[in-house]
Amino acid sequence: TQEPTTQATTAAPTTATPTTVYSLENAQKAVFEAASNSGTDTITLYYKDDVLLKEEKVSTFIISKLAGDNPLEMLKKAAGETKEKLKVLIGKGVEYNTDYKDDVFTITYSFDYTKIDMKKLKETIPGLNLRDDNTLGYSQFKEALINGGYKEKQ
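What counts, and at which threshold
- Residues numbered from 1 in each chain as written.
- Predicted model: local features only at pLDDT ≥ 70, side-chain atom pairs only at ≥ 80, totals over all residues.
- Heavy atoms only, no water.
- Helix = DSSP H or I, 4+ residues; strand = E, 2+ residues; numbered from the N terminus.
- Buried < 20%, exposed > 50% of the residue type's maximum accessible area, 1.4 Å probe, protein only.
- Arc of directions from axis to C-beta.
- Contact = heavy atoms within 4.5 Å.

A. Main features of unusual backbone geometry. Positive phi outside glycine occurs at N26, with the angle close to 65°. In this fold, N26 is placed in the segment before β1 (28-36). Here N26 falls in the exposed class, since its relative accessible area comes to 66%. Of note, the phi angle at D49 is positive, near 55°, even though the residue is not glycine.

This is the structure in structure tokens:
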């Protein structure tokens, strides 16, 4: 006797999540850096095809080389405001930390776009240029970094 065969069908998703599911596995990686006399920014991007999957940024500031009356307090205040703005996403694909040691103030953050609610992110960062499928374009992001003075590290 022969077993009856069954066929599975799947309905189209109706959510605002990316239409293609991406994972960080096998992602390509690019590192960009911008330096000034008072510190450096290093951004590591993970992408697949032309989709930005994750962004990690480390900004270091040498306090003694910054202008202003109290640059450390200014940085702490600005970092606190940014953290407050991102609080709805922290732990849900966004991490944001600061550290101060030996005249260096460091801000570290990461955005894992495979985990973040992209609609909430767009509400938090209105200038975010989401594509129709609710993803960020790697090539656009890279171009913006280069136009902003970043250099790609080999």
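B. Spotlight on the environment of S36. With respect to the helices and strands, S36 occurs in strand β1. Counting along the chain gives 25 residues from S36 to F61, while the straight-line C-alpha distance between them is 9.3 Å.

C. Inspection of helix α3 (residues 138-147) at higher detail. All of the buried residues in α3 are Y138, F141 and L145. Angular distribution of buried residues about the axis of α3 spans 70°; they occupy a single face of the element. Exposed and facing more than 90 degrees away from the buried side of α3 are E143 and N147. Those residues of α3 that are buried are in contact with β1, β2 (39-48), β3 (51-62) and β6 (151-153). The positive-phi residue at the C-terminal boundary of α3 is G149, with phi of around 100°.

Any functional reading would require information beyond the geometric quantities listed.
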